[in-house]
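The residues making up each chain are set out below.
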Amino acid sequence: MNNEAAAIAVMRAADRIGDAALKEQLFDVIQRMNQDAAELRVVRDHVG
């Protein structure tokens, strides 16, 4: 599973959580995962 697919899966799970603090933490993780995926894409494009 790539980072983008994992981020979507975590976002869907976070939407079902009633705990607002935990939901916010998960959305922060999602944001970092998406940033990492974007950075990896840039590196991959420059290498390949």
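In what follows, the accompanying structure is described. (Residues numbered from 1 in each chain as written. Predicted model: local features only at pLDDT ≥ 70, side-chain atom pairs only at ≥ 80, totals over all residues. Heavy atoms only, no water.)

**Things to note about helix α2 (residues 20-47)**
- The first and last C-alpha atoms of α2 sit 41 Å apart over 28 residues, in line with the 40 Å expected at 1.5 Å per residue.
- Every buried residue belonging to α2 is among Ile30, Met33 and Ala37, and all of these are buried.
- The inward-facing, buried residues of α2 abut α1 (3-15).
- For α2, the side-chain oxygen to backbone nitrogen distance between the N-cap and Ala21 is 3.0 Å, and the N-cap itself is Asp19. (Helix = DSSP H or I, 4+ residues; strand = E, 2+ residues; numbered from the N terminus. Expected span 1.5 Å × (residues − 1). Buried < 20%, exposed > 50% of the residue type's maximum accessible area, 1.4 Å probe, protein only. Contact = heavy atoms within 4.5 Å. Polar contact = N/O pair within 3.5 Å; in protein donor to acceptor, adjacent residues only side chain to side chain.)

**Some words on the environment of Ala37**
- Structurally, Ala37 can be placed in helix α2.
- In this structure Ala37 comes out as buried when scored by relative accessible area, which is 8%.
- Each C-alpha atom of the pair Ala37 and Asn3 lies 5.8 Å from the other, and the pair is 34 residues apart in sequence.
- Discounting residues that sit within four places of it in the chain, Ala37 has contacts with Asn3 and Glu4.

**Side note on the environment of Phe27**
- With respect to the helices and strands, the residue Phe27 is situated in helix α2.
- Look past the residues within four positions of Phe27 in its chain and what remains in contact with it is Met11, Ala14 and Asp15.

**A look at the environment of Asp19**
- By the element assignment, Asp19 lies in the loop between α1 and α2.
- The partly exposed category is assigned to Asp19, whose relative accessible area is 43%.
- Within the structure, the side chain of Asp19 is placed 3.1 Å from the backbone nitrogen of Leu22, a separation counted as a polar contact.

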